[in-house]
Amino acid sequence: MKTHILAAIFGVFLTRSALAQSAQDPALTFKLTPSYYRISDGNNAADMNLRAEYGTQHYAWIGYYQDHQGFAQTRVGYENHADFGYVRTVTSAQIATRGFLGGSLSAEIGGNTYAILGWGRTNLRDYYNLNFDPNDAVTLGVGTRAIANTELSLFTILDDRLGTGQRVTHLLARKELAHQQRLTLDMTHKSGQSTAGNYVSGNGLALTYDFEPWFARVAYDPYVNFTENQMTLFALGYRF
């Protein structure tokens, strides 16, 4: 399966080159993100994700995750962004090996200052969650772009299906810098029932630095995916 994923990524590189040469589709771009997960129990993992963007509306991805103990999963997904003026929506769907299906709908309602609403559902099959938030959940929050070159948002993602009380609150700040550079800071607080049945609570942090066409990310997450493990993430990506 890993060979198939690498072949697909190589094929996309060739396709992207051909498109660039013909200039038939200048709006098609890609982002390749290899990531390494250092887990406190020693079950470290790696992930490779290729994301395609067509204009500002259509996004698709293919990825492959594998940990040290042998759990492996391939995923593909699609995301649609729609702008209706004072309402902007994102609809997504994802499938993965091991029988996983999932989808979500989120919206920003307002102008430069806006409300954030979201809802997600899965079929509860095995899946290694790479966003580390509950998937069967609702999202509530607020955000603003009223500050020049800055976007701030505060939102909570909370389980509304499984009765775990799991919730993750994000304070997210993005700052555009000079010369195609951007800094993103994501501070999180999580609480709720762990997979072992214990109540857990902790704070996490993720820092991303974009310096086109590259970007680098480092993150720390206590009780990753509401297990008893701590995780440190390292990623280096390339846009083309």
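In case you missed it, the structure is sitting above this.
Here goes a summary of the coordinates provided. For clarity, every value in this text was computed on a predicted model and none was experimentally measured.

## What to know about the environment of glutamine 57
The residue glutamine 57 is located in the loop between strand 2 (45-54) and strand 3 (58-67) in this model. Since its relative accessible area comes to 35%, glutamine 57 is described here as partly exposed. Separated by 22 residues in sequence, glutamine 57 and glutamate 79 place their C-alpha atoms 8.1 Å apart.

## Overview of the pairing of strand 9 (residues 150-159)
Where burial is concerned, most of strand 9 is hidden: eight out of the 10 residues are buried. One ladder, built from eight bridges, connects strand 8 (residues 137-144) with strand 9; its direction is antiparallel. Its bridge partner being in strand 9, valine 138 is matched across the sheet by leucine 158. If you look at the hairpin formed by strand 8 and strand 9, you'll find five residues sitting between the two strands, and asparagine 149 has a positive phi there, around 60°. In the sheet, strand 9 pairs with strand 10 (residues 167-177) via nine bridges, with the strands oriented antiparallel. Across the sheet, isoleucine 157 pairs through a bridge with valine 168, a residue of strand 10.

## With respect to the pattern of salt bridges
One pass over the full model with this rule turns up 12 salt bridges. The partner of glutamate 108 in a salt bridge is arginine 88, and the shortest N-O contact between them spans 2.9 Å. Taken together, the residues glutamate 108 in strand 6 (residues 100-110) and arginine 88 in strand 5 (residues 87-96) connect sequence positions 20 residues apart. Neither residue differs from the other here; glutamate 108 and arginine 88 are each classed as buried. The shortest N-O distance in the salt bridge between aspartate 160 and arginine 121 comes to 2.9 Å. Of this pair, aspartate 160 sits in the loop between strand 9 and strand 10 while arginine 121 sits in strand 7 (residues 113-122); the two residues are 39 residues apart in sequence, bridging distant segments of the chain. Residue class for aspartate 160 comes out partly exposed when judged on its relative accessible area of 35%. One salt-bridge network, held together by shared partners, links Arg88, Glu108, Arg145, Glu151 and Arg174.

## A short note on the nonpolar core
Looking at soluble globular proteins, one finds that nonpolar side chains tend to be buried together. Counting 11 residues, the largest nonpolar core consists of Tyr37, Ile39, Ala45, Tyr65, Tyr128, Phe132, Ala206, Ala219, Val224, Met231 and Leu233. Taken together, the elements giving at least two residues each to this core come down to strand 1 (28-39) and strand 14 (231-239). The contact partners of alanine 206, leaving out residues within four places of it in the chain, are Thr184, Leu185, Asp186, Val218 and Ala219.

## Focus on a nonpolar patch on the surface
The grouping of Tyr36, Leu177, Leu183, Leu207, Tyr209, Phe211, Trp214, Val218, Phe234, Leu236 and Tyr238 at the surface amounts to a nonpolar patch, some 920 Å² of accessible area in total. Breaking the nonpolar patch down by element, the ones donating at least two residues are strand 12 (199-211), strand 13 (214-221) and strand 14. Locating tyrosine 238 in the fold gives a position in strand 14. For tyrosine 238, a relative accessible area of 31% puts it in the partly exposed group.

## Some details on the environment of alanine 93
Within the secondary structure, alanine 93 sits in strand 5. For the pair formed by alanine 93 and leucine 105, sequence separation is 12 residues and the distance between their alpha carbons is 9.1 Å.

## Observations concerning the packing of aromatic side chains
Under the definition given, this model contains 10 aromatic pairs. With a centroid separation of 5.4 Å and an interplanar angle of 20°, the aromatic rings of phenylalanine 30 and phenylalanine 240 are classed as stacked. Residue phenylalanine 30 is located in strand 1, and its partner phenylalanine 240 is located in the segment after strand 14; the two are separated by 210 residues in the primary sequence. A relative accessible area of 9% means that phenylalanine 30 is categorised as buried. Judged by its relative accessible area of 16%, phenylalanine 240 is buried. Taken together, a centroid distance of 4.1 Å and an interplanar angle of 15° make the contact between phenylalanine 100 and tyrosine 127 stacked.

About the criteria used
- Residues numbered from 1 in each chain as written.
- Predicted model: local features only at pLDDT ≥ 70, side-chain atom pairs only at ≥ 80, totals over all residues.
- Heavy atoms only, no water.
- Helix = DSSP H or I, 4+ residues; strand = E, 2+ residues; numbered from the N terminus.
- Buried < 20%, exposed > 50% of the residue type's maximum accessible area, 1.4 Å probe, protein only.
- Pairing = 2+ DSSP bridges.
- Salt bridge = Lys/Arg side-chain N within 4 Å of Asp/Glu carboxyl O.
- Core = buried A, V, L, I, M, F, W, Y, C linked by side-chain atoms within 4.5 Å.
- Contact = heavy atoms within 4.5 Å.
- Patch = residues over 30% accessible without salt bridge, like charges linked within 9 Å, V, L, I, M, F, W, Y side chains within 5 Å.
- Areas by Shrake-Rupley, 256 points an atom, 1.4 Å probe, with all protein chains shown as cover.
- Phe/Tyr/Trp six-rings, centres within 6.5 Å; stacked < 30°, edge-to-face > 60°.

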